[in-house]
Amino acid sequence: QIPKDPVQRWLRELAALSQQLQQVHPNVLAKILKQRTVYQNEEIVVIDKPYGLPVHGGPGIKNCIADVLPILAKMLENMKADPLHLCHRLDKETTGVMVLARSKEAAEKIRLLFKTRQVEKIYWAVVLGDPDPVEGVVEIPIVEKEVQSHQSHYKMTLAPNYRLCPENGKVMKIRRNRNAERAVTRYRRLAGASACSLLELQPITGVKHQIRVHLAYGLGCPILGDHKYSHWSKLAPQKLPELTLKRLKLEQSKARHLPLHLHAHRLCLPLGQPLDFVCKPPLFFQKTLRKLELDIPKD
């Protein structure tokens, strides 16, 4: 039963986003990924990763990319093929450019390029608020911590090397957290409207959830639909500004259905000659941009 009301239809689409790829047969999932192949040569296959699909399996996960790589390889090569290999990871909720390797050697070569920061990655995100300044670099170490609340859980968080002295307001160096990882993210605002901004992001390092943590806790601009990092002490749906709700035609009680608006837009891989891959944001992301009147920059 498809609702006639466009708002109800939009809500239903959002609610189904995370679920639909977990319901399909692995062969069907491999076929979907084959259709989303944006480039292939003898070394690599580049796909446009869909929303809600984890890279690795885990508790409660029926389908993931790692499990269907052997099937996808056969589909691309007409039956006789070695399984494809993962070279890097994207969060389950992140969409966009993802590189797979056709051999172990190619995978190791590409992983080394990622590790030594030779791969240029550009993300787009819709965030709440307006970063101040509108472009810059966030360089704050990140560490994983347990959050003590009515349901204890783990989150990545900032572990700054400096803080303001409460007595005189001066900047003081504090003892480094041994477990914290160096994390650097460049950002710039591409558009602003409806109490939101469209940002272009370049993670220089590759720490887990780095972009989400730097935006939410470093800049105070959490990503739209990031229900994990919009609060520190609780797991609760993101609280949205009135204007944003109005433009999205959403009630606050339905905000939990909003997906994470983080997209791996571009990736430049120096394999011999530099290879440049671009993926357009998914439809839900484009719809949100239109509703919020955020103008997509012309590439």
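Residues numbered from 1 in each chain as written. Predicted model: local features only at pLDDT ≥ 70, side-chain atom pairs only at ≥ 80, totals over all residues. Heavy atoms only, no water.

1. A few points about the pattern of salt bridges
A pair can form between side chains of opposite charge whenever their charged atoms are brought close. Using the criterion set out here, one finds 12 salt bridges in the structure. Its salt-bridge partner being K287, residue E13 comes within 3.0 Å of it at the nearest N-O pair. Here K287 lies in helix α8 (residues 283–292) and E13 lies in helix α1 (residues 6–17), a separation of 274 residues in the sequence. The exposure class of E13 is partly exposed, given its relative accessible area of 37%. Between E144 and K208 there is a salt bridge, and its shortest N-O distance comes to 3.7 Å. Of the two residues, E144 is situated in strand β7 (residues 142–147) and K208 in the loop between β12 (196–203) and α6 (210–218); the sequence distance between them amounts to 64 residues. Assessed through its relative accessible area of 46%, K208 is described here as partly exposed. Via salt bridges that share partners, D91, R212 and D226 belong to a single interconnected network. (Salt bridge = Lys/Arg side-chain N within 4 Å of Asp/Glu carboxyl O. Helix = DSSP H or I, 4+ residues; strand = E, 2+ residues; numbered from the N terminus. Buried < 20%, exposed > 50% of the residue type's maximum accessible area, 1.4 Å probe, protein only.)

2. Looking at the domain arrangement of the protein chain
With domains assigned, the protein chain is organised as domain 1 (11–116) and domain 2 (120–267 + 284–289). Carbon and sulfur atoms supply 68% of the area that domain 1 and domain 2 bury against each other, a total of about 1,400 Å² over both sides. Of all residues in domain 1, L11, L14 and V97 bury the most surface against domain 2, accounting for 32% of the area lost on that side. At the boundary of domain 1 with domain 2, the tally comes to 2 salt bridges. Run the count over domain 1 and domain 2 and you get 7 residue pairs in polar contact (both at pLDDT 80 or more). Looking at the side of domain 1 that touches domain 2, the elements with two or more residues in it are α1 and β4 (95–101). At 5 residues, α1 tops the list of elements feeding residues into the side of domain 1 that touches domain 2. When the residues that make up the side of domain 1 that touches domain 2 are grouped by side-chain class, the tally is 9 nonpolar, 4 polar and 3 charged. (Domains from an automatic or database assignment. Buried area = accessible area lost by both parts, 1.4 Å probe. Polar contact = N/O pair within 3.5 Å; in protein donor to acceptor, adjacent residues only side chain to side chain. Nonpolar A, V, L, I, M, F, W, Y, C, P; charged D, E, K, R; others polar.)

3. Description of the nonpolar core
Judged by nonpolar contacts, the single largest core of 59 residues is most densely connected at I65, V126, L201, L215 and L294. Two domains share this core, each providing at least three of its residues, namely domain 1 (11–116) and domain 2 (120–267 + 284–289). Excluding residues that lie within four positions of it along the chain, L201 makes contacts with K121, I122, Y123, A125, T185, R186, Y187, I211, L215 and L262. In terms of nonpolar packing, the next biggest core, distinct from the first, is built from 18 residues, F114, L267, L271 and C279 among them. (Core = buried A, V, L, I, M, F, W, Y, C linked by side-chain atoms within 4.5 Å. Contact = heavy atoms within 4.5 Å.)

4. Observations concerning helix α3 (residues 26–35)
Considered for burial, the residues of α3 that qualify are L29, A30 and L33. Down the axis of α3, the buried side of the element spans an arc of 100 degrees, and every buried residue falls inside it. Turning to α3, the residues buried within the fold contact α2 (20–23), β1 (37–40), β2 (44–49) and α4 (65–77). (Arc of directions from axis to C-beta.)

5. So, the pairing of β2
Most of β2 sits out of view: 6 of its 6 residues are buried. The two faces of β2 match: I44, V46 and D48 on one face and V45, I47 and K49 on the other face are all buried. What sits between β1 and β2 in their antiparallel hairpin is a turn of 3 residues. Sheet topology places β2 next to β4; 6 bridges connect them, and they run antiparallel. Counted as the bridge partner of V45 is L100 from β4. (Pairing = 2+ DSSP bridges.)

6. Considerations on the packing of aromatic side chains
This model, assessed by the stated rule, comprises 3 aromatic pairs. Taking 5.1 Å as the distance between ring centres and 50 degrees as the angle between the ring planes, the aromatic pair formed by Y39 and F277 counts as tilted. Highlighted residues: Y39 in strand β1 and F277 in strand β14 (residues 273–278), separated in sequence by 238 residues. Summarising the aromatic geometry, the rings of Y51 and F284 are spaced 5.3 Å apart at their centres and angled 75 degrees between planes, so their arrangement reads as edge-to-face. With a gap of 233 residues between them, Y51 in the loop between β2 and α4 and F284 in helix α8 connect regions that are remote in the sequence. An identical accessibility class is assigned to Y51 and F284; each is buried. (Phe/Tyr/Trp six-rings, centres within 6.5 Å; stacked < 30°, edge-to-face > 60°.)

7. A closer look at the packing of α1 against α8
At a minimum axis distance of 12 Å, the contact between α1 and α8 shows a crossing angle of 140 degrees. Considering their axes alone, α1 and α8 lie oblique with respect to each other. Between α1 and α8 lies a crossing of left-handed hand. Facing α1, whose interface residues are W10, E13, L14 and L17, α8 presents F284, K287, T288 and K291. (Axes fitted to C-alpha atoms, helices over the stretch in contact; angles between N-to-C directions. Parallel < 35°, antiparallel > 145°, perpendicular 65-115°, else oblique. Left-handed = near helix turned anticlockwise from the far one by under 90°.)

8. Here we look at the side chain of N41
With respect to the element layout, N41 can be found in the loop between β1 and β2. Of note is the side chain of N41, whose polar atom sits 2.8 Å from the backbone nitrogen of I44. With residues up to four places along the chain from it excluded, the contact list for N41 reads R102 and L275.

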